[in-house]
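Observations on the model geometry
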Amino acid sequence: MEWIIQSEKDLKNIATKIIPTLKKGDIVALEGDLGAGKTTFVRTLIRTLTSSDVEVPSPTFTLLQTYTTPNFLLYHFDFYRLKNPEEAYEIGIEEAFADGVSFIEWPQKIGSLLPKNHKTISIDILSNGSRRIVYEGET
């Protein structure tokens, strides 16, 4: 699936299309350059799942934030500052992969620890400032 977005309202519309495809055990790799909107996308998805009042800080410094949703526990990882893949074990990826839905920013930092059957959301900044979002693995 592919979309072009120009506003947060567009992001919410996309989140409502992706949410029904998520189930416990899903792992979603978020790909995109720094500033592409990966955290903004996850924030919108979490608020769509829970409440618009939920505070959703970037996990850049904590590496992980968790959220209770109606159907699963959502894990939001940001591995930008990871120095080696094994550090992900200290943060609890095994539990997250087994017990919830995991969204991972900078998934390349965990290398082969990222399961092959993961879903992918790619976000690209277009020349006019809008974003192109591609979602793969929606089944």
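So, about the overall build of the protein. Within the protein one finds four helices and seven strands. For 139 residues, the compact-globule estimate of 2.2 N^0.38 gives 14 Å, and the protein sits close to it at 14 Å. For the C-alpha atoms alone, the extent of the protein along its principal axes is close to 40 × 35 × 30 Å. Counting all 139 residues of the protein, 45% fall into the buried class. In the protein, the proportion of contacts linking residues at least 24 apart, taken out of those at least 6 apart, comes to 60%. Of the roughly 7,300 Å² of accessible surface on the protein, 48% is carried by carbon and sulfur atoms. Between the averaged position of the 15 positive side-chain charges in the protein and that of its 19 negative side-chain charges there is a distance of 4 Å.

Overall, the coordinates contain four salt bridges when judged by the stated rule. The partner of D26 in a salt bridge is K23, and the shortest N-O contact between them spans 3.2 Å. K23 gets classed as partly exposed once you look at its relative accessible area, which sits at 46%.

This part covers the packing of helix α1 (residues 8-18) against helix α2 (residues 38-49). It is the contact of α1 with α2, at a shortest axis distance of 9 Å, that shows an interaxial angle of 65°. The interaxial crossing formed by α1 with α2 has right-handed handedness. Together, E8, L11, K12, I14, A15, T16 and I18 of α1 and T40, F41, T44, L45 and T48 of α2 make up the contact between the two elements. Classifying every residue of the contact of α1 with α2 by side-chain character gives six nonpolar, four polar and two charged.

This next bit is on the nonpolar core. Nonpolar side chains in soluble globular proteins tend to end up buried together. With 26 residues, the main nonpolar core has I18, L22, F41, L45, F103, I121 and I133 as its most contacted residues. Ranked by residues supplied to this core, first place goes to α2 with five residues. Dropping the residues within four chain positions of it, I133 is found in contact with M1, E2, W3, I5, L11, I14, F41, I121, S122 and I123. Counting residues in hydrophobic clusters, the runner-up holds 17 residues, among them A29, F79, L82 and L114.

Attention now moves to the sheet that holds strand β3 (residues 64-68). By definition, the strands of a sheet pair up through backbone hydrogen bonds, in either a parallel or an antiparallel sense. Taken in spatial order, the seven strands line up as β1-β7-β6-β2-β5-β4-β3 in an open sheet, and their pairing is mixed. The open sheet has two edge strands with one neighbour each: β1 (2-5) and β3. Adjacent strand axes in the sheet meet at a mean angle of 15° when their direction is disregarded. Lying on the sheet, α1 is in contact with β1, β6 (119-125) and β7 (131-136); it crosses β1 at an angle near 160°.

Moving on, we get to the side chain of D78. Its location among the elements puts D78 in strand β4 (residues 73-78). Put simply, D78 is tucked away with no salt bridge, and the nearest opposite charge, on R81, sits 7.1 Å away. Within polar-contact distance, the side chain of D78 engages the side chain of T60 at 3.0 Å.

Rules used throughout
- Residues numbered from 1 in each chain as written.
- Predicted model: local features only at pLDDT ≥ 70, side-chain atom pairs only at ≥ 80, totals over all residues.
- Heavy atoms only, no water.
- Helix = DSSP H or I, 4+ residues; strand = E, 2+ residues; numbered from the N terminus.
- Rg over C-alpha atoms; globule rule 2.2 N^0.38 Å.
- Buried < 20%, exposed > 50% of the residue type's maximum accessible area, 1.4 Å probe, protein only.
- Contact = heavy atoms within 4.5 Å.
- Areas by Shrake-Rupley, 256 points an atom, 1.4 Å probe, with all protein chains shown as cover.
- Lys, Arg positive; Asp, Glu negative; His and termini not counted.
- Charge placed at Lys NZ, Arg CZ, Asp CG, Glu CD.
- Salt bridge = Lys/Arg side-chain N within 4 Å of Asp/Glu carboxyl O.
- Axes fitted to C-alpha atoms, helices over the stretch in contact; angles between N-to-C directions.
- Left-handed = near helix turned anticlockwise from the far one by under 90°.
- Nonpolar A, V, L, I, M, F, W, Y, C, P; charged D, E, K, R; others polar.
- Core = buried A, V, L, I, M, F, W, Y, C linked by side-chain atoms within 4.5 Å.
- Pairing = 2+ DSSP bridges.
- Polar contact = N/O pair within 3.5 Å; in protein donor to acceptor, adjacent residues only side chain to side chain.

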